[in-house]
Amino acid sequence: GENVEQHPSTLSVQEGDSAVIKCTYSDSASNYFPWYKQELGKRPQLIIDIRSNVGEKKDQRIAVTLNKTAKHFSLHITETQPEDSAVYFCAASNRNTGFQKLVFGTGTRLLVSP
Amino acid sequence: DVKVTQSSRYLVKRTGEKVFLECVQDMDHENMFWYRQDPGLGLRLIYFSYDVKMKEKGDIPEGYSVSREKKERFSLILESASTSQTSMYLCASTPGDRGLFFGSGTQLSVL
């Protein structure tokens, strides 16, 4: 089955710096890659997603890139702010087992210091 | 606004008890999921359902069962709770072409 690895497990940056979180997946049939943000004590929420027919997607300060050949995708946050501090999860789904059946990475705790 | 409601925010049970975790969504989503979240392990899928009375095992179904008698409600059942099942349980739903909408979670402690 699919396996998703996520790095780093923790990431500390200064406000205004950029942050990059990387994930690799094992199943070449995976075609959907969302990113979720979970603030302390709150539910995970979708912040951006990408499908395998697209190499990059941007939404204001966040962007996701996908390299299908290498089977990895990354989340990029520019001009980080303290409110970006949270745990971020990447995920992948295999078209053979259903678009919605996501396999999650283990999470990255991002801390943005003022 | 999509609402996924889990019946309890915190729950304390004893080993061997039968435990019911309830989840209700109000957006007529066909797909519902139960995940457990543990530090360093991320979110792991326990069971999911594509339709009423339909259920499929996720990656860690052992010790759990589910029930989906109505479209809006998806219940997770721990037949005989064990300390290893102490965890945060997250319910989620989706119409299929969008991301998952999560509930607030139930922190279950099994003593």
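Note that this is a predicted model, so its numbers are computed, not measured.

Participant: Mind laying out the overall build of chain A, listing which residues take part and the relevant values?
Facilitator: Tallying secondary structure elements over chain A gives zero helices and 11 strands in all. Beginning at the N terminus, the succession of helices and strands in chain A can be written as β-β-β-β-β-β-β-β-β-β-β. The C-alpha radius of gyration computed for chain A amounts to 14 Å, which stays within 12% of the reference 13 Å derived for 114 residues, consistent with globular compactness. Out of the 114 residues belonging to chain A, those deemed buried represent 48%.

Participant: Run through the sheet that holds strand β8 (residues 72-77) of chain A, naming residues and quoting values.
Facilitator: All names here are of chain A. Sheet architecture is open: five strands sit in the order β1-β3-β8-β7-β6, paired in antiparallel fashion. Edge positions in the sheet fall to β1 (4-7) and β6 (56-59), since each has one partner strand and no second. Between one strand axis and the next, the sheet turns by 15° as a mean value, whatever way the strands run.

Participant: Report on the state of the cysteines, specifying residues and quantitative values.
Facilitator: All names here are of chain A. Per the counting criterion, the structure on display carries two disulfides over all chains. What pairs with Cys23 in a disulfide is Cys90, and their sulfur atoms sit 1.9 Å apart. Taking the sign of the torsion about the S-S bond as the criterion, the disulfide between Cys23 and Cys90, at about -100°, is left-handed. With Cys23 in strand β3 (residues 19-25) and Cys90 in strand β9 (residues 86-94), this pair connects stretches of sequence that are 67 residues apart.

Participant: Which residues make up the layout of surface pockets, and what values go with them?
Facilitator: Over the atoms rolls a probe the size of a water molecule, and in doing so it shows where empty space is left. Empty space within the largest pocket amounts to approximately 620 Å³. Lining the largest pocket are 31 residues, and of these Gln38, Val87, Phe89 and Arg109 of chain A together with Gln37 of chain B lie nearest its centre. Elements supplying a minimum of two residues to the lining of the largest pocket: β9 and β11 (108-113) of chain A together with β5 (31-38) and β10 (87-94) of chain B. The greatest single-element share of the lining of the largest pocket, amounting to four residues, is contributed by β11 of chain A. The residue makeup of the lining of the largest pocket, split by class, is 10 nonpolar, 15 polar and six charged.

Participant: Give a description of the pairing of strand β5 (residues 45-51) of chain A that names residues and reports values.
Facilitator: Residue and element names in this part refer to chain A. Both strand β4 (residues 30-38) and β5 contribute to a ladder of six bridges, which runs antiparallel. Note on β5: the bridge partner recorded for Trp35 is Ile48. Connecting β4 to the antiparallel partner β5 that follows it, the hairpin turn spans six residues, and Gly41 within it adopts a positive phi of roughly 75°.

Participant: Which residues make up the environment of Ala91 of chain A, and what values go with them?
Facilitator: Residue and element names in this part refer to chain A. With respect to the element layout, Ala91 can be found in strand β9. Look at Ala91 and you get buried, because its relative accessible area is 0%. C-alpha of Ala91 to C-alpha of Thr24: the two residues are 67 residues apart in sequence and 9.6 Å apart in space. Among residues more than four places away in sequence, those in contact with Ala91 are Tyr32, Phe33, Pro34, Phe73, Leu102, Val103 and Phe104.

How each quantity is defined
Residues numbered from 1 in each chain as written. Chains lettered and ligands numbered in written order. Predicted model: local features only at pLDDT ≥ 70, side-chain atom pairs only at ≥ 80, totals over all residues. Heavy atoms only, no water. Helix = DSSP H or I, 4+ residues; strand = E, 2+ residues; numbered from the N terminus. Rg over C-alpha atoms; globule rule 2.2 N^0.38 Å. Buried < 20%, exposed > 50% of the residue type's maximum accessible area, 1.4 Å probe, protein only. Pairing = 2+ DSSP bridges. Axes fitted to C-alpha atoms, helices over the stretch in contact; angles between N-to-C directions. Disulfide = S-S within 2.5 Å. 1 Å grid on protein atoms, 1.4 Å probe; cavity = no way out; pocket = protein on both sides within 12 Å on 5 of 7 lines; lining within 4 Å. Points joined across faces, edges and corners; volume = space filled by probe spheres on them. Nonpolar A, V, L, I, M, F, W, Y, C, P; charged D, E, K, R; others polar. Contact = heavy atoms within 4.5 Å.

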